Amino acid sequence: MAEQGMRRRIDPVTLVFGIGGGLVAAYVLSNGSFQFDFRWALGGTAIVVGLVLLTNSLRRKSH
């Protein structure tokens, strides 16, 4: 059982390989016609950051 005071940390190696695996899967599923567009990456990043900030603001404070 985990202690309540412990916080999880993000493992950067696993994060990089997970993102890489997702990009490879997108490339394979699109039959090699996958083209990287910076605007989509920027928009996706903004959505993820917004969702993380929203979930952190809605969590209960245990102070």
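Criteria and cut-off values
Residues numbered from 1 in each chain as written. Predicted model: local features only at pLDDT ≥ 70, side-chain atom pairs only at ≥ 80, totals over all residues. Heavy atoms only, no water. Helix = DSSP H or I, 4+ residues; strand = E, 2+ residues; numbered from the N terminus. Areas by Shrake-Rupley, 256 points an atom, 1.4 Å probe, with all protein chains shown as cover. Patch = residues over 30% accessible without salt bridge, like charges linked within 9 Å, V, L, I, M, F, W, Y side chains within 5 Å. Salt bridge = Lys/Arg side-chain N within 4 Å of Asp/Glu carboxyl O. Expected span 1.5 Å × (residues − 1).

(A) Quick look at the overall build of the protein. Across its full length, the protein carries two helices and zero strands. With the model as given, the accessible surface of the protein reaches about 6,600 Å², and the carbon-plus-sulfur share is 66%.

(B) Summary view of a nonpolar patch on the surface. A contiguous nonpolar surface patch, about 410 Å² in accessible area, is contributed by Ile10, Leu15, Ile19 and Leu23. Its location among the elements puts Leu23 in helix 1 (residues 12-29).

(C) Highlighting helix 1. The first and last C-alpha atoms of helix 1 sit 26 Å apart over 18 residues, in line with the 26 Å expected at 1.5 Å per residue. Within two residues after helix 1, Asn31 carries a phi angle of roughly 55°, on the positive side.

Any functional reading would require information beyond the geometric quantities listed.
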